[in-house]
Amino acid sequence: MAGGTRDYDVAVLGAGLVGLALAASLARAGMRVAIVDRSSVDASNVSVASASSTDEDWDARVYAVSPGSVAFLNDIGAWQRMRANRLSPIESMDVRGDAGGRLTFSAHELGERALAWIVENRELHAALIASVRDTPGIDMLAPRTPASIAWGAGAAELRFDGGDALSTRLIVGADGVRSWTRAQAGMHQDPRPYSQTAIVANFASELANRGRAFQWFLSDGGVLAWLPLPGRRISMVWSAPELLADELLALDGAALAERVALAGARALGALTTITASTSFPLSLLRLPSVIAQRLALVGDAAHGVHPLAGQGVNLGFGDAAALCSILAARGAVRDPGSSLLLQRYARRRLEPVLAMQGVTDGLVRLFGSRSPWIGALRNRGMSLVGTLGPVKRLLAQPALR
Ligand SMILES: Cc1cc2nc3c(=O)[nH]c(=O)nc-3n(C[C@H](O)[C@H](O)[C@H](O)COP(=O)(O)OP(=O)(O)OC[C@H]3O[C@@H](n4cnc5c(N)ncnc54)[C@H](O)[C@@H]3O)c2cc1C
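Residues numbered from 1 in each chain as written. Predicted model: local features only at pLDDT ≥ 70, side-chain atom pairs only at ≥ 80, totals over all residues.

**With respect to the overall build of the protein chain**
If you tally the helices and strands in the protein chain, you get 10 helices and 19 strands. The buried share among the 401 residues of the protein chain stands at 46%. Counting contacts in the protein chain only where the partners sit at least 6 residues apart, residues at least 24 apart contribute 74% of the total. (Helix = DSSP H or I, 4+ residues; strand = E, 2+ residues; numbered from the N terminus. Buried ≥ 20, exposed ≤ 12 C-beta atoms within 10 Å, placed from the backbone. Contact = placed C-beta atoms within 7 Å.)

Below, the structure is given as structure tokens:
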């Protein structure tokens, strides 16, 4: 690019999980793609599936990847690269309310091998980087700092710090919840904080998890989730009110393990901390539109959801799969940045994203309410749903796909 401006069909800004997956899928569909990140993008940075990553070295950042996302990751040659001994299927799920409500799901009763697969961030990231590197037609531009975008009628020009530039028919903002790309298009919407912080850490457990995930809706409005890792290990996501989160983060490993075991009624016996805790602020992001002239937003740049349903990155992979299939099938419309195609993308993603935000945000509000009436209703409702097979199936389908 040093010798002048390069032309692309699509420039993806942000090489997180969603941007990488999108770049790989677009290039496989024959498009010329640039992927840009302000940080360096190197599998060794995320210390992957390599000899340096020992069996006892577990990433505290994990995702529950849905069967629908697994199929997409398989299509772009990423899932096959994951090490089998680092994957853990969720075979059943046990969800408890704060006053006796209970709901269980099992993969078997829904006709699935797994409700989701628990994967470590660094394993998935590395698999996607390898997939991008092995796919012809992608230029990885990282670390590079984008400086400005000029949105032209026939193309957009992305200029970098240092003065060089690229020209592209379509810019995709995949640069996370505080998207720089979104702001460049004049879409100045801030995420709405949930006043909760997610604390994540991994533990060894006294009892085997047998592929079970647990989730507790707690009386303070927080949500505690235990996700199965291979062997006698679990990964915890505790979405806690801010004061409690500060308290949990200040505990040493042994005290945190005891506190977490107690909050989960010792469902897996005693716990021992195996990775230090770390935290993520939680917010909701709802945009009036995920497209603009020569721009489409994907992943956290397009929407923010509470992690209680473990669906953020799954929604992002859904965006990537939808955008790629629309651009790949554009036929006579040669221009991948045409507003016709972008509107088709926005329409296709509207319903699944709104539905997931509605469910997750609704549950946060429902369990955040202090009213004793609502408290009794939500627990009774939960147990009732548990007895109605078809309703349960209906609830589980969007999360699976
Ligand atoms: C505690 C917690 C648990 C979660 N659990 C789950 C789960 O179980 N399942 C699930 O599906 N989801 C889960 N999520 C959500 C998931 O983490 C996110 O949805 C997902 O990581 C978003 O990926 P992304 O690629 O869109 O964005 P990001 O991961 O934020 O990546 C953005 C990329 O853009 C780059 N970038 C940023 N700014 C610029 C710029 N100006 N120029 C160039 N590059 C830039 C960054 O360097 C980064 O590489 C969870 C979230 C939290 C907080």
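Having put the structure on the table, let's press on.
**Quick notes on the site of the ligand**
Near the ligand, the surroundings consist of 31 residues, among which Gly 14, Gly 16, Gly 176, Gly 299 and Gly 312 are the closest. Within the residue set of the shell around the ligand, elements represented by two or more residues are helix 1 (17-28), strand 3 (62-65), strand 12 (192-205) and helix 7 (312-328). Here the shell around the ligand takes four residues from helix 7, the largest share from any one element. For the shell around the ligand, the per-class residue count stands at 16 nonpolar, 11 polar and four charged. (Near = placed C-beta within 6 Å. Nonpolar A, V, L, I, M, F, W, Y, C, P; charged D, E, K, R; others polar.)

**Concerning unusual backbone geometry**
Along the chain, Ala 142 connects to Pro 143 via a cis peptide bond; the corresponding omega equals -5 degrees. Mapped onto the elements of the fold, Pro 143 is located in the loop between strand 8 (138-141) and strand 9 (146-151). If you check the backbone angles, Ser 195 has positive phi at about 55 degrees while not being a glycine. Among the secondary structure elements, Ser 195 is positioned in strand 12. Take Ser 195: there are 14 C-beta atoms within 10 Å of it, and that puts it in the partly exposed class.

**Some thoughts on the nonpolar core**
One finds Ala 21, Leu 22, Ala 23, Val 33, Ile 35, Ala 296 and Val 298 to be the most contacted residues of the largest nonpolar core, which totals 114 residues. It is helix 1 that contributes the most residues to this core, nine residues altogether. In contact with Ala 296, other than residues within four places in its own chain, are Leu 170, Val 172, Val 290, Ile 291, Leu 323, Leu 342 and Tyr 345. (Core = buried A, V, L, I, M, F, W, Y, C linked by C-beta atoms within 7 Å.)

**Digging into the environment of Gly 310**
Examined against the element boundaries, Gly 310 turns out to sit in the loop between strand 19 (295-297) and helix 7. Separated by 245 residues in sequence, Gly 310 and Val 65 place their C-alpha atoms 8.0 Å apart.

**Focus on the confidence of the model for the protein chain**
For the protein chain, per-residue confidence averages 90 on the pLDDT scale, and residues scoring 70 or more make up 90% of the total. A low-confidence stretch, residues 46-52 stays under pLDDT 50, and its non-local contacts, those more than four residues away or across chains, total 14 contacts. (pLDDT = per-residue confidence, 0-100.)

**Some thoughts on the packing of helix 7 against helix 8 (residues 339-368)**
Interhelical geometry of helix 7 versus helix 8 gives an angle of 155 degrees and a closest axis separation of 10 Å. One way to sum up the angle between helix 7 and helix 8 is to call them roughly antiparallel. Here helix 7 runs over helix 8; the crossing is right-handed. Of the residues in helix 8, those in contact with Leu 315, Gly 318, Asp 319, Ala 322, Leu 323, Ile 326 and Leu 327 of helix 7 are Leu 341, Arg 344, Tyr 345, Arg 348, Arg 349, Pro 352, Val 353 and Met 356. Taken together, the residues of the contact of helix 7 with helix 8 break down into 10 nonpolar, one polar and four charged. (Axes fitted to C-alpha atoms, helices over the stretch in contact; angles between N-to-C directions. Parallel < 35°, antiparallel > 145°, perpendicular 65-115°, else oblique. Left-handed = near helix turned anticlockwise from the far one by under 90°.)

**As for the pairing of strand 11 (residues 165-173)**
Buried residues dominate strand 11, accounting for seven of its nine residues. Two strands pair when backbone bridges link them, and strand 1 (residues 6-13) and strand 11 are joined in this way by seven bridges, in the parallel orientation. When the sheet's bridge partners are listed, Leu 13 is paired in strand 11 with Gly 173. Relative to strand 11, strand 10 (residues 156-160) runs antiparallel, the two being bridged by four bridges. From the neighbouring strand, Glu 157 faces strand 11, where its bridge partner is Ser 167. Linkage of strand 10 to strand 11, two consecutive antiparallel strands, is achieved through a turn of four residues, within which Gly 162 is found at a positive phi near 105 degrees. (Pairing = 2+ DSSP bridges.)

**Structural notes on helix 6 (residues 253-263)**
Of all the positions in helix 6, only Leu 256, Ala 257, Val 260 and Ala 261 are classed as buried. The buried residues of helix 6 occupy one face: seen down the axis, they fall within an arc of 130 degrees. Opposite the packed face of helix 6, turned more than 90 degrees from it, sit the exposed residues Ala 254, Ala 255 and Leu 262. Residue Ala 265 follows helix 6 closely and has a positive phi angle near 50 degrees. (Arc of directions from axis to C-beta.)

**Section: the packing of helix 1 against helix 3 (residues 121-133)**
Interhelical geometry of helix 1 versus helix 3 gives an angle of 25 degrees and a closest axis separation of 9 Å. With respect to helix 3, the element helix 1 is oriented roughly parallel. Note on packing geometry: the crossing formed by helix 1 with helix 3 is left-handed. Across the interface between the two elements, Leu 17, Leu 20, Ala 21, Ala 23 and Ala 24 from helix 1 touch Leu 124, His 125, Leu 128, Ile 129, Ser 131 and Val 132 from helix 3.

**Things to note about the sheet that holds strand 3**
If you trace the three strands from one edge of the open sheet to the other, you get 3-7-4, paired in antiparallel fashion. At either margin of the open sheet sits one strand with a lone partner, and together these are strand 3 and strand 4 (88-90). Averaged over all adjacent pairs, the angle separating strand axes in this sheet is 30 degrees, with direction ignored. Those strands touched by helix 3 are strand 3 and strand 7 (116-120), and its axis lies near 85 degrees from that of strand 7.

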